[in-house]
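# Residue-level structure breakdown
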Amino acid sequence: QVQLVESGGGLVQPGGSLRLSCAASGSIFSINAMGWYRQAPGKQRELVATITSGGNTNYADSVKGRFTISRDNAKKTVYLQMNSLKPEDTAVYYCSMKLRVGVLRAPNDYWGQGTQVTVSS
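We now turn to the structure provided with this report. Fair warning: this is a prediction, and the values are worked out from it, not measured in the lab.

## Observations concerning the sheet that holds strand S8 (residues 77-82)
Reading across from one edge, S1-S3-S8-S7 is the order of the 4 strands in this open sheet, with antiparallel pairing throughout. Bordering the open sheet on either side are strand S1 (3-7) and strand S7 (67-72), each of which pairs with just one other strand. Shown here is a sheet whose adjacent strand axes are inclined to one another by a mean of 15 degrees, direction ignored. Where S7 and S8 come together, 6 bridges link them in antiparallel fashion. Across the sheet, the residue bridging to Ile 69 is Leu 80, located in S8.

Below, the structure is given as structure tokens:
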């Protein structure tokens, strides 16, 4: 059984930084894309950043220049470095990985449980 476990959320003042981590465990054959999404109260879940297996990255316009996504394939972990945080970044952040659990299995999307990020003075 595959599990994605996030860590690193918390309360930070505007202008501060946080680093989120998401580690995958279980029977995993390969991991394709990894990504971070967020959902603020009363809003739909939105894409924050993604990274392909080849290291290509994509960011939401609202976080470009402030957030950096990276991955460690050996550790099956994706990171999100968040700098210059703003109150509007407050949300539950979810990691997602498109992965295969066997050589003959098609890739599926897996999600973490979410970690709260609150930006407030």
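## Details of the nonpolar core
Residues Trp 36, Val 78, Leu 80, Met 82, Tyr 93 and Met 97 are the most contacted members of the largest nonpolar core, which totals 31 residues. Of all elements in the fold, only strand S3 (18-25), strand S4 (30-39), strand S5 (46-51), S7, S8, strand S9 (91-100) and strand S11 (115-119) reach the threshold of two or more residues within this core. A total of 5 residues in this core trace back to one element, the largest contributor, which is S9.

## Overview of the packing of aromatic side chains
Going through the model one piece at a time under the given rule, you end up with 1 aromatic pair. The side chain of Arg 45 reaches across the aromatic face of Tyr 94, ending 3.7 Å from its centre. A cation over a ring is seen here: Arg 45 above Trp 111, with NZ or CZ 4.8 Å from the ring centre.

About the criteria used
- Residues numbered from 1 in each chain as written.
- Predicted model: local features only at pLDDT ≥ 70, side-chain atom pairs only at ≥ 80, totals over all residues.
- Heavy atoms only, no water.
- Pairing = 2+ DSSP bridges.
- Helix = DSSP H or I, 4+ residues; strand = E, 2+ residues; numbered from the N terminus.
- Axes fitted to C-alpha atoms, helices over the stretch in contact; angles between N-to-C directions.
- Core = buried A, V, L, I, M, F, W, Y, C linked by side-chain atoms within 4.5 Å.
- Buried < 20%, exposed > 50% of the residue type's maximum accessible area, 1.4 Å probe, protein only.
- Phe/Tyr/Trp six-rings, centres within 6.5 Å; stacked < 30°, edge-to-face > 60°.
- Lys NZ or Arg CZ within 6 Å of the ring centre and 35° of its normal.

Structural measurements only, silent on function.
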